[in-house]
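Coordinate analysis (summary)
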Amino acid sequence: MISNELTRTRQPKSRRLPTFYPSSASVKLADGDVVGGCWRSDWYRVNGIEETNKPDFYLAMIFQLGHAVEATVVEAMKKAGIFEANNTKFYDPRYNVSGELDVVGRYRKSDNSIGYYGVEVKSVYGIGATLTITGRSRAWRGQPAVRPKPKDQNLMQTMIYIDQFSSESGGEFELEGFKLLYLPRDKPVDGRYYDISLVSIDDLSGPLLARHRADMKPSNRYALIETEGHDSYVETRFSIEEMYARFAEQKEIFSSDKAPPRPFKKFYTDDEVERLYSLGKLSKTAYTDWENNKKRPGHFLCQSYCNYRDYCYKKSGAPRLEADKLVQITEKE
Ligand code: SF4
């Protein structure tokens, strides 16, 4: 009964503005790979296509646990007297983006005035916790060493919030900083937070400037990531300007009659498997499963998480042509 309750369709369905969300921000990298969310699933959503893949019990429960973690953080911030607001909304018509801040915190500055900062709460587990929180100080069982880092998609989302609530938006909308907080569901005392800010080349000096100058476009702003126990670094693979440019492109494609190209594949070809693995973009586990069991890897959204995956791709992994015309599926293969 609990499983049914968590996974059943709600009545009535909410009708929302056909906007894009910060959590689906994406960028096409220099090597042609797209990181972040999928504009194709946004296209299905804003065109009212019925979802073919509802979250199952596992995902529904993860979603609920994520909410519970966030509610716990909010409650603790309230008790500590550092809570200002939650679910603060914004809309930016230039890029058709709307969203809301999880939490806004407050603190008293040395001059006795109050400063405000945003908090985005993410709960993780298992390999997600290793990559985002703990890191791996040295290579282990064929897996390379990793520095803990925010997930690309979470970082992009946070970058948009920082920009939307910057001093340029006007004093009453301004946040001084942003904390991206990860809490492991299986070991909550071991969380980590990242202080994120947007920087251009002009904001950097010393070793940070020396390390990143060559990879930063002069007029663009990138995320500076700071966390306890690790050197700060700038994520130079994508800038906020490139994310906005892609939203602008997405807006243009959506207003034409064309279907946006699928940025991700359900199944990679043999060559793609080798290329992605050699670049460290495919996990050792997925690669071994491919080698030993012929379980063909693909993008995780198309394989497991996208709510339109059976609409977008056939079981074989071939793109479903009716989907380009937004026609409902007739054959269920
Ligand atoms: S199946 Fe993949 S390409 Fe298609 S909409 Fe979903 S995430 Fe995008």
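Data block above holds the structure.
A few points on the structure. Because the structure is predicted, anything quoted here is derived from the model rather than measured.

Rules behind the numbers
- Position labels on residues start from 1 in each chain and follow its written sequence.
- Only residues with pLDDT of at least 70 get local features here, since the model is predicted, and only at 80 or more are side-chain atom pairs given and counted; chain-wide, interface and lining totals rely on the full set of residues.
- Only DSSP runs of H or I reaching four residues or more are called helices, and only runs of E reaching two or more are called strands; each is numbered from the N terminus.
- Put plainly, a residue is buried at 20 or more neighbouring C-beta atoms within 10 Å of its own, exposed at 12 or fewer, and partly exposed in between, counting only other residues' C-beta atoms, which are placed from the backbone.
- A residue pair is marked as a contact if its C-beta atoms, positioned from the backbone, fall within 7 Å.
- What makes a nonpolar core is a set of buried Ala, Val, Leu, Ile, Met, Phe, Trp, Tyr and Cys residues, with links drawn between C-beta atoms within 7 Å.
- To decide whether a residue is near a molecule or strand, its C-beta atom is placed from the backbone and checked for lying within 6 Å of it.
- Amino acid classes used here: Ala, Val, Leu, Ile, Met, Phe, Trp, Tyr, Cys and Pro are nonpolar; Asp, Glu, Lys and Arg are charged; the rest, including Gly, are polar.
- The directions from the helix axis to the C-beta atoms form the arc being described.

Side note on the overall build of the protein
In terms of helices and strands, the protein carries 12 helices and 9 strands. Seen through its C-alpha atoms, the protein measures out along the principal axes to roughly 65 × 50 × 45 Å. Counting all 333 residues of the protein, 24% fall into the buried class. For the protein, long-range pairs separated by at least 24 residues make up 58% of all intrachain contacts whose partners lie at least 6 apart in sequence.

Describing the nonpolar core
Within the largest apolar cluster, 34 residues are counted, with the highest numbers of intra-cluster contacts made by M156, M159, I160, I196, A223, M243 and F247. Looking at which element gives the most residues to this core, the answer is helix α5 (residues 152-164), with 5 residues. Excluding residues within four positions of it along the chain, I160 makes contact with P22, A25, V97, G99 and M243. In terms of nonpolar packing, the next biggest core, distinct from the first, is built from 13 residues, W39, C306, Y308 and A323 among them.

Digging into the site of the ligand
Neighbouring the ligand are C38, R40, S41, R262, F264, L301, C302, C306, Y308, R309, C312 and Y313. Looking at the shell around the ligand, the elements with two or more residues in it are α2 (39-46), α10 (300-305) and α11 (309-312). When grouped by side-chain class, the residues that make up the shell around the ligand number 8 nonpolar, 1 polar and 3 charged.

Some remarks on helix α4 (residues 127-134)
Among all positions in α4, only A129, T132 and I133 are buried. Buried residues in α4, looked at end-on, bunch into an arc of 90°, giving them a common side. For α4, the elements touching its buried residues are β5 (114-124), β6 (177-184) and β7 (192-199). Of the residues one or two after α4, G135 is the one with positive phi, at around 75°.

Observations regarding the environment of Q250
In this structure, Q250 sits in helix α7 (residues 240-255). Measuring from C-alpha to C-alpha, the distance between Q250 and Y95 comes to 8.7 Å, with 155 residues separating the pair along the chain. Setting aside residues up to four positions removed in sequence, Q250 forms contacts with F20, W39, D42 and P260.

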